[in-house]
Amino acid sequence: MSEKRSSFTGKLGFVLAAAGSAVGLGNIWRFPYLAAQYGGGIFLLVYIILTLTFGFSLMAAEIAIGRKTGQSPIGAFTALGKKYAIVGYIGAAIPALILPYYSVIGGWVLKYMVGFVTGEGKAMATDGYFGAYISGPSEPVAWFIVFITITAFIVILGVNKGIEKVSKVMMPVLIALTIFIAVYTICTMDGAIEGVKYYILPDFKKFSFKTVVAAMGQLFYSLSIAMGIMITFGSYMKKDISIEKSIHQIEIFDTGVAFLAGLMIIPAVYAFSGLDGMNSGPGLMFITLPKIFETMPGGNIIGVVFFVMVFFAALTSSISLMETVVAVFQDRFKMDRIKATLLVLVISVSLGLISVFGYSIWSDFTLFKMQMLDFFDFLTNSLMMPICALLTCIVVGYCIKPKALIEELEIGGRFRSKLLFKVMICGIAPVCILLILLSSFGVIKI
Ligand code: PHE
């Protein structure tokens, strides 16, 4: 790369930028529906344990690789050894596959945002509205294209710093609003307390390996790990900052937002439709929230504000996804930024349309019994990310050895979790991921 590598200023700069990428639709849209689907409290418990062990160690490894080599994923793994470049390539392919369907959901958010502005809130709260909307032939296409074009525009203009600033102001508002909605729902709706219990108290009978697979996929997705993004972030990080402390801050922030989003959505679903509602899947947020807003005084305005915030949270994440893909195109094919972005846009629109049409004109077509959007989600979260994480563990644990990274991790301050890091990266993490992958491929039954 000819440009000089910029670096984050100050301690908070890194944490905020990483948190900006991490907090997005994964927390607000994906976490609640998975938690609802996979048994509530037990999912939450497994998720938190995995974050503190797995998530921590993997994130530490990725940030350290980035800061040590000063490169983005493909370059970084190549710098560790030519034969490891493949891990970088797999990592780089993941954001390219997430971006299209992420933008489809971004389009849903835009639609709901505009819907509340134009006073359609009441209609959006009716049963079946969401299903009818996504199975419409043209509207979801339009909103998806608007969302991804805005993302591309910002990437081309390079004004993402401005957007990030806006979103840093909006993030606290989003959190406050989420808490308000959660408290409002719990206090005013009959049956919501039962929902809180379902969400918070683990029921060990509901535990299965599927819970672990789903929680792990969500963890990778939500923390933006196992796809090279944290390597890129690490490469921008200054040497005098403690990686360990930064990770704890990112984890608390990311998991906190996800937890609150669950608290806002799950008790309400419980109050509206009991246990049956828990299996609504990807549409959950869009089905429940308009109903809550409908019952609130001034709900229309709250709906507008809420969806504007979610839009910004989604936008900062989609920008970081697109930036990563564009950077790979620029580096590998020596393209200029505008051409690379336009190419990524065209490819992403084509891939995204498959997900959009999967709900409408191609709804009869399923892969492994999944709708196309679910399929892309499964492919990236449940297959490719675990593979990328497994290979990262093998490269770090057995090829370059943890010591090489521990040195890097100790530069900005004491690294307290050395033992955890070694045990996770060399033993527990790869073995668990391998078992999980084998079970998803149906090779073994657990
Ligand atoms: N972590 C983001 C979220 O939770 C999604 C994302 C993944 C963003 C990868 C950037 C890169 O929504």
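Anything mentioned here points back to the structure above.
This write-up is about the structure you can find in this document. Quick caveat: nothing in here was measured; it's all calculated off a predicted structure.

**Examining the overall build of the chain**
- Secondary structure summary: the chain contains 19 helices and zero strands in total.
- Expected size for 446 residues packed as a compact globule is a radius of gyration near 22 Å; at 21 Å, the chain falls within 12% of this value.
- Counting only C-alpha atoms and orienting by the principal axes, one finds that the chain spans roughly 55 × 50 × 45 Å.
- Per-residue burial for the chain yields a buried fraction of 58% across its 446 residues.
- Pairs at least 24 residues apart make up 81% of the contacts formed inside the chain by residues separated by at least 6 positions.
- Here the chain displays about 17,800 Å² of accessible surface, and carbon together with sulfur accounts for 68% of that area.
- With 33 positive and 24 negative side-chain charges, the chain shows a separation of 11 Å between the mean positions of the two kinds.

**Overview of the site of the ligand**
- A22, G26, Y102, Y221 and I229 are the nearest of the 15 residues found near the ligand.
- Note that an oxygen atom of the ligand is positioned 3.1 Å from one of the backbone N or O atoms of L25.
- Here a nitrogen atom of the ligand sits 3.1 Å away from a polar atom, N or O, in the side chain of S224.
- About the coverage of the ligand: the protein hides 100% of its 320 Å² of free accessible area.
- When contributions to the shell around the ligand are tallied by element, the ones reaching two or more residues are α1 (10–22), α2 (25–37), α11 (209–222) and α15 (299–333).

**Quick notes on the pattern of salt bridges**
- In the structure shown here, the tally under the stated rule is twelve salt bridges.
- Of the charged contacts in the structure, one is a salt bridge between D377 and R30, with a shortest N-O distance of 2.6 Å. Remark: R30 occurs in helix α2 and D377 occurs in helix α17 (residues 372–399); sequence separation between them is 347 residues.
- Its relative accessible area of 6% is what places D377 among the buried residues.

**Here's the deal with the environment of I179**
- Positionally, I179 belongs in helix α9 (residues 160–188).
- By relative accessible area, which is 38% here, I179 ends up partly exposed.
- For the pair formed by I179 and P32, sequence separation is 147 residues and the distance between their alpha carbons is 14 Å.

**Some words on the side chain of S348**
- Along the polypeptide, S348 turns up in helix α16 (residues 337–357).
- If near-sequence neighbours (up to four positions away) are discounted, S348 is found in contact with L99, P100, F144 and I148.

**Some thoughts on the side chain of T288**
- Along the polypeptide, T288 turns up in helix α14 (residues 284–295).
- You can call T288 buried: its relative accessible area is 4%.
- A distance of 2.7 Å separates the side chain of T288 from the backbone oxygen of L284, its partner in a polar contact.
- The residues contacting T288, other than those within four sequence positions of it, are I265, A268, V269 and F272.

**Comments concerning the packing of aromatic side chains**
- Summed over all chains, the structure comprises 30 aromatic pairs.
- Ring centres of F293 and F306 lie 5.9 Å apart, and the angle between their planes is 55°; on these two criteria the pair is classed as tilted. Residue F293 is located in helix α14, and its partner F306 is located in helix α15; the two are separated by 13 residues in the primary sequence.
- Owing to a relative accessible area of 2%, F293 belongs among the buried residues under this scheme.
- Three or more aromatic residues joined by ring pairs form one cluster here, namely W108, Y112, F116, Y129, F130, F286, F293, F306, F307 and Y359.
- We note R30 situated over the ring of Y221; from NZ or CZ to the ring centre the distance is 4.9 Å.
- If you follow K291 out to its NZ or CZ, it ends over the ring of F272, 5.7 Å from the centre.

What counts and what doesn't
- Residues numbered from 1 in each chain as written.
- Predicted model: local features only at pLDDT ≥ 70, side-chain atom pairs only at ≥ 80, totals over all residues.
- Heavy atoms only, no water.
- Helix = DSSP H or I, 4+ residues; strand = E, 2+ residues; numbered from the N terminus.
- Rg over C-alpha atoms; globule rule 2.2 N^0.38 Å.
- Buried < 20%, exposed > 50% of the residue type's maximum accessible area, 1.4 Å probe, protein only.
- Contact = heavy atoms within 4.5 Å.
- Areas by Shrake-Rupley, 256 points an atom, 1.4 Å probe, with all protein chains shown as cover.
- Lys, Arg positive; Asp, Glu negative; His and termini not counted.
- Charge placed at Lys NZ, Arg CZ, Asp CG, Glu CD.
- Near = heavy atom within 4 Å.
- Polar contact = N/O pair within 3.5 Å; in protein donor to acceptor, adjacent residues only side chain to side chain.
- Salt bridge = Lys/Arg side-chain N within 4 Å of Asp/Glu carboxyl O.
- Phe/Tyr/Trp six-rings, centres within 6.5 Å; stacked < 30°, edge-to-face > 60°.
- Lys NZ or Arg CZ within 6 Å of the ring centre and 35° of its normal.

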